[in-house]
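# Notes for the structure review
The chain contents come next:
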Amino acid sequence: MLSDSSDDRLLRALALELQLPLTQIARLSEQTNKADAKSIRKAINLTAQQSLWYIDGYMLGQQLSRQGQLPLEPVSLAAVLQQVTQTLQPFAQYHNVSVEWSVSGRLGPVMGHAAALKTAFLTLASALVRVLPNTNDNTPTTGALLLSAQRTKEGFTAGVFTPGQSFSSADLRHGKALYGSARQPLPHLTDSSAAGIGIADRLFALMGSQLRATKYRSVCGLAADFLPSSQLALW
Amino acid sequence: MAHIIVVEADRTLGRLYQQAISDDGHTVQLLHDAQAAISAIDEQRPALIVLDIMLGEHNGVEFLYELRSYPEWDGIPVILHTVVPSSHPGLGHYWWSQLGIVSYLYKPNTSLQQLRQAVSRQLATEQSLA
């Protein structure tokens, strides 16, 4: 009998999630003798890359959760969002999605874990790239993703936002309870196992935050809250 | 040559399936969700539907119930092509015949060549019955 800890459920969700990119790679590799072999190799590379991000995110979450108290340090949200945007660009472009980052005003450092923050945003954003309606049969359209951070009363909020996706925190809570036991725990957001969102949520939780549905400049998204670092900062 | 509808949520895989089946000379219309597929069938009746179960919003099972609720579409054969294993409790064989599923393909293990063969086999069966 399998135990049903949240880690087991997340691992099952990850296994379900990885079926898709691995199937894509298997089918794409059947086409490498075609004329557009170069673009197929690129597709294989980017598809494999996203799977590796997921696996890295899961492994990092597992490793950090075994450490008990996570050593938080001052981290620049703006720098993390910029790095994630750059890393994500080729993958997003392949899916006809534009990715931008936006930081309102001067943000001081937040208390976080640099590697966990970067991995969480990368995993979350790549999961959302995959669910955007980026093309249809005849007319390629462009989806858009915005990685953004802004100041709040208590500290800072940072997240991944996209127009055209409406989603509630209740849906998110309900979906999180179904990770690993449903193939589509977040049907309003994705037709997958939503493992990328789950992995990001676990990393945020390890930093004392949690993913929630929110709005920023009239676009909906998933974001987490962070406390400011108490070191000297420009305000 | 036949008009075939492929309902596949993932765009990368969908394009690969569309291309592979088109290579045999068929017209393949690729749809990514159940509602679009129903509308497409209403515009042009396909000879065959290749259907994924895991679709956004309305899943493949809802699509099948909708499809089979219209008597004029009753005879359209459906090949199930999905990551949901056939051992899944929701995929009992009694259910297949009820909903006109003529064949099941486990997506992770089905090559493009095998998909093309399954489509050709089913179209040949349909022709022999006609």
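Everything numeric in this text was worked out from a predicted model, so none of it was measured. (Residues numbered from 1 in each chain as written. Chains lettered and ligands numbered in written order. Predicted model: local features only at pLDDT ≥ 70, side-chain atom pairs only at ≥ 80, totals over all residues. Heavy atoms only, no water.)

### Re the overall build of chain A
Stated precisely, the cut-off is as follows: Numbering of helices and strands runs from the N terminus, with a helix taken as a DSSP run of H or I at least four residues long and a strand as a DSSP run of E at least two residues long. C-alpha atoms define the radius of gyration, and 2.2 Å times the number of residues to the power 0.38 defines the globule rule. Using a 1.4 Å probe on the protein chains alone, a residue whose accessible area is under 20% of its type maximum counts as buried, one over 50% counts as exposed, and one in between counts as partly exposed.
From N to C terminus, chain A includes 6 helices and 7 strands. Secondary structure elements of chain A, listed N to C terminal, follow the sequence α-α-β-α-β-β-α-β-β-α-α-β-β. For 235 residues, the compact-globule formula gives about 18 Å, and the C-alpha radius of gyration of chain A, at 18 Å, lands near that figure. Dimensions of chain A, computed from the C-alpha atoms along their principal axes, are close to 60 × 45 × 30 Å. In chain A, buried positions account for 52% of the 235 residues.

### Considering the overall build of chain B
Stated formally: Residue contacts follow a heavy-atom distance rule, with two residues in contact if any of their heavy atoms lie within 4.5 Å. Using a 1.4 Å probe, accessible areas were evaluated by the Shrake-Rupley method; residue-level cover was limited to the displayed protein chains.
When helices and strands are tallied, chain B shows 5 helices and 5 strands. For 130 residues, the compact-globule estimate of 2.2 N^0.38 gives 14 Å, and chain B sits close to it at 13 Å. By its C-alpha atoms, chain B is 35 × 30 × 25 Å across when sized along the principal axes. In chain B, buried positions account for 53% of the 130 residues. Here the contacts in chain B between residues at least 6 apart in sequence split such that 66% fall between residues at least 24 apart. By element, 48% of the accessible surface of chain B is carried by carbon and sulfur atoms, the whole surface being about 5900 Å².

### A closer look at the nonpolar core
What counts is decided by this rule: As used in this record, nonpolar core signifies buried Ala, Val, Leu, Ile, Met, Phe, Trp, Tyr and Cys residues forming a set joined through side-chain atoms within 4.5 Å.
Membership of the largest hydrophobic core comes to 59 residues, with the highest contact counts inside it found for L77, L117, F121, L145, I197 and F204 of chain A. Take this core: its biggest share by element is 11 residues, from helix α4 (residues 114-131) of chain A. Setting aside its immediate chain neighbours within four residues, L77 of chain A contacts L107, V110, L117, F121, A149, F156, A158 and F226 of chain A. Counting 29 residues, the second largest nonpolar core, distinct from the first, contains V7, L31, A34 and L91 of chain B.

### Description of the sheet that holds strand β4 (residues 143-151) of chain A
Strand-to-strand pairing in sheets goes through backbone hydrogen bonds, with the strands running parallel or antiparallel. Residues and elements named next belong to chain A. To keep it simple, the criterion reads: A pair of strands counts as paired when DSSP detects no fewer than two bridges linking them. Interaxial angle, 0 to 180 degrees, is taken between N-to-C directions of lines fitted to C-alpha atoms, where a helix line uses only the stretch in contact.
The 5 strands are arranged β2-β4-β5-β7-β6 in an open sheet whose pairing can be described as mixed. Every interior strand has two partners, whereas the edge strands, β2 (97-103) and β6 (212-216), have only one. Across the sheet, the axes of successive neighbouring strands diverge by a mean angle of 30 degrees, strand direction being ignored. When strand β5 (residues 156-162) meets strand β7 (residues 219-226), the two strands line up antiparallel, connected through 7 bridges. Across the sheet, residue F156 finds its bridge partner in β7, namely F226.

### Re the environment of A115 of chain A
Topologically, A115 of chain A is positioned in helix α4. Spatially, the C-alpha atom of A115 of chain A lies 9.6 Å from that of G57 of chain A, the residues being 58 residues apart in sequence.

### A short note on the sheet that holds strand β2 (residues 27-31) of chain B
Residue and element names in this part refer to chain B. The sheet built from 5 strands is open, its strands ordered β2-β1-β3-β4-β5 with parallel pairing. Each edge of the sheet is formed by a strand with only one pairing partner; in this case those strands are β2 and β5 (101-106). Ignoring which end each strand starts from, the neighbouring axes of this sheet average 20 degrees apart. In this structure, strand β4 (residues 78-82) lies alongside β5, joined through 5 bridges in parallel fashion. Bridge pairing links L80 to Y104 in β5. Along the sheet face, helix α5 (residues 112-129) touches β1 (3-7), β3 (48-51), β4 and β5 and points at about 150 degrees away from the line of β3.

### Digging into the confidence of the model for chain A
Applied cut-off: Known as pLDDT, the predictor's per-residue confidence is scaled from 0 to 100.
When the pLDDT values of chain A are averaged, the result is 85; 91% of them are 70 or greater. When pLDDT is averaged over each element of chain A, helix α3 (residues 77-94) of chain A comes out on top at 94 and helix α5 (residues 169-178) of chain A at the bottom at 79.

### With respect to the packing of α4 of chain A against helix α6 (residues 195-206) of chain A
All names here are of chain A. Put simply, the rule is: When an angle is under 35 degrees it counts as roughly parallel; over 145 it counts as roughly antiparallel; between 65 and 115 it counts as roughly perpendicular; any other value is oblique. Crossings are assigned a handedness: left-handed for a near helix turned anticlockwise from the far helix by less than a right angle, right-handed for a clockwise turn. Each residue is assigned to one class: nonpolar for Ala, Val, Leu, Ile, Met, Phe, Trp, Tyr, Cys and Pro, charged for Asp, Glu, Lys and Arg, and polar for all the others, Gly among them.
Direction vectors running N to C along α4 and α6 enclose 155 degrees, while the axes themselves pass 8 Å from each other. Viewed along their axes, α4 and α6 adopt a mutual orientation that is roughly antiparallel. By crossing handedness, the relation of α4 to α6 is classed as left-handed. Here A116, L117, T119, A120, F121, T123, L124, A127 and L128 of α4 lie close against α6, whose contacting residues are G196, I197, I199, A200, L203 and F204. For the contact of α4 with α6, a count of residues per class yields 12 nonpolar, 3 polar and no charged.

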